[in-house]
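# Architecture and fold: a report
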Amino acid sequence: KSFLYRLWKGDVSSKMLNPRLQKAMKDYLNTNKHGVRFKGKRNSRLTGDQLICELKDRVHVKTIDGKEAPFSALGWEKHVPQIPLGRLYPHGFGSCAVVMSAGAILNSSLGDEIDSHDAVLRFNSAPTRGYEKDVGNKTTVRIINSQILTNPNHHFIDSSLYKDVILVAWDPAPYSANLNVWYKKPDYNLFTPYVQHRRRNPNQLFYILHPKFIWQLWDIIQENTKEKIQPNPPSSGFIGILIMMSMCNEVHVYEYIPSVRQTDLCHYHELYYDAACTLGAYHPLLYEKLLVQRMNKGLQDDLYRKGKVILPGFRSVKC
Ligand code: C5P
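Residues numbered from 1 in each chain as written. Predicted model: local features only at pLDDT ≥ 70, side-chain atom pairs only at ≥ 80, totals over all residues. Heavy atoms only, no water.

### With respect to the overall build of the protein
Along its length, the protein carries 14 helices and nine strands. Taking 20 Å as the expected radius of gyration for a compact globule of 319 residues, we find that the protein reaches 19 Å, a close match to that expectation. Scored against the burial criterion, the 319 residues of the protein give a buried share of 55%. As displayed, the protein offers around 14,800 Å² of accessible surface, 49% of which is attributable to carbon and sulfur atoms. Seen as two clouds, the 42 positive and the 29 negative side-chain charges of the protein have centres 5 Å apart. (Helix = DSSP H or I, 4+ residues; strand = E, 2+ residues; numbered from the N terminus. Rg over C-alpha atoms; globule rule 2.2 N^0.38 Å. Buried < 20%, exposed > 50% of the residue type's maximum accessible area, 1.4 Å probe, protein only. Areas by Shrake-Rupley, 256 points an atom, 1.4 Å probe, with all protein chains shown as cover. Lys, Arg positive; Asp, Glu negative; His and termini not counted. Charge placed at Lys NZ, Arg CZ, Asp CG, Glu CD.)

Right, here's the structure in full:
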């Protein structure tokens, strides 16, 4: 049976990846750049429904609110939006779309379906212009990593990609989630451009995710995986799925678990091929996908043909 077929059934392990990816995973385990010290137990074998309840119980979207050191002393309470992301939509959205940037979404004709949702989440520099037929054109929230804010190639300040949307930025912090250490030595210094952007665009909602939120997600992935996962933060894709499960009644995720269109083309908007984009090297992406596959409430046929998974929002489940 093919790897893709097994992934659709949730029946894969990292041993089935190509040797280059296995080597990369091993190197990340040995390096442990973020000082991960996992104290929980691995291999709790929850069903999909139990996993949804576990996430609902433990995952709370947390953004930097300026009340903790060192941000408090730096006057960040004035810099961050008044209402935190987790409390923005007390009644939530109805149905939401999470659009992954995978090359496999090309030629999907999913654009109209994606735009029919009440809110749409996209990632990093993924464009809609020129790709409307396959990815739609509506964007409600955009999650960006710290490289988007700091690498001049992305034109963060003037690109229309980052205007008229809710922005949510993140950066890999130490596992300890010590904000002082992180502030002094972020992976990429997002703090300066963040404050600058908030000053210039005070009416645009723009948040930085709290490292505690990100590592909490990592803990849950590791607790529910037999193998040792990469000691690096989950991918933006997984982070985005969890944010939307907190804000929406139902979440439709496109091309996270690959469809029959699976390809090594990393992004639909870029001519760059690497299987690591879909299966993970730095991020524990394969393991994230196995958990999402376990929670899928959608039709198997939608998974094959659309690469679509349907997840309930937390407010729609009774636990
Ligand atoms: O590459 P980037 O992080 O911008 O892509 C957004 C998210 O889409 C990733 O974090 C990952 O979860 C997902 N993705 C994927 N397969 C790809 C490319 C991206 O699952 N080929």
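Once the structure has been displayed, the description carries forward.
### Observations regarding the packing of aromatic side chains
A complete count under the given rule lists 19 aromatic pairs for this structure. Taking 5.8 Å as the distance between ring centres and 80° as the angle between the ring planes, the aromatic pair formed by F38 and W218 counts as edge-to-face. One end of the pair, F38, is in the loop between α2 (19-31) and α3 (48-58); the other, W218, is in helix α10 (residues 211-223), and 180 residues separate them in sequence. For W218, a relative accessible area of 2% corresponds to the buried category. Ring geometry for F156 and F206: centres 5.9 Å apart, planes at 55°, overall tilted. Taken together, the residues F156 in the loop between α7 (146-150) and β4 (166-170) and F206 in strand β5 (residues 206-208) connect sequence positions 50 residues apart. Chaining the aromatic ring pairs together yields one cluster made of F71, W76, F156, Y162, W182, Y183, F191, Y194 and F206. (Phe/Tyr/Trp six-rings, centres within 6.5 Å; stacked < 30°, edge-to-face > 60°.)

### A short note on the packing of α3 against α10
Relative orientation of the contacting elements α3 and α10 amounts to 155°, with a least axis distance of 11 Å. The orientation of α3 with respect to α10, classified from their angle, is roughly antiparallel. Considering the relative orientation of α3 and α10, their crossing is right-handed. The segment α3 lies against α10, with E54, L55 and R58 engaging Q216, D219, I220 and E223. (Axes fitted to C-alpha atoms, helices over the stretch in contact; angles between N-to-C directions. Parallel < 35°, antiparallel > 145°, perpendicular 65-115°, else oblique. Left-handed = near helix turned anticlockwise from the far one by under 90°. Contact = heavy atoms within 4.5 Å.)

### Considerations on the site of the ligand
Surrounding the ligand, one finds 15 residues, the nearest of these being N124, S235, C266, H267 and K289. A distance of 3.0 Å separates an oxygen atom of the ligand from a polar atom in the backbone of G237. Between a nitrogen atom of the ligand and a main-chain N or O atom of C266, the distance comes to 2.9 Å. Elements that contribute at least two residues to the shell around the ligand include exactly α11 (236-247), β7 (265-267), α12 (276-279) and α13 (285-295). A breakdown of the residues in the shell around the ligand according to their chemical character gives seven nonpolar, seven polar and one charged. (Near = heavy atom within 4 Å. Polar contact = N/O pair within 3.5 Å; in protein donor to acceptor, adjacent residues only side chain to side chain. Nonpolar A, V, L, I, M, F, W, Y, C, P; charged D, E, K, R; others polar.)

### Here we look at α3
Among all positions in α3, only G48, L51, I52 and L55 are buried. Seen from one end, α3 has its buried residues packed into an arc of 100°, which puts them on one side. Against α10, α11, α13 and β9 (308-312) lie the buried residues of α3. (Arc of directions from axis to C-beta.)

### Looking at the state of the cysteines
For the structure shown, the criterion picks out three disulfides. Linked covalently through their sulfurs, C53 and C319 form a disulfide whose S-S length is 2.1 Å. Across the S-S bond of C53 and C319 the torsion is about -90°, and the bridge reads as left-handed. With C53 in helix α3 and C319 in the segment after β9, the pair connects residues that are 266 residues apart, well separated along the chain. With a relative accessible area of 63%, C319 lands in the exposed category. Bridging C266 to C277, the disulfide has an S-S length of 2.0 Å. Here the S-S torsion is close to -90°, and the disulfide linking C266 with C277 is therefore left-handed. Taken together, the residues C266 in strand β7 and C277 in helix α12 connect sequence positions 11 residues apart. With a relative accessible area of 7%, C266 lands in the buried category. (Disulfide = S-S within 2.5 Å.)

Function cannot be read off these values alone, since they describe shape.
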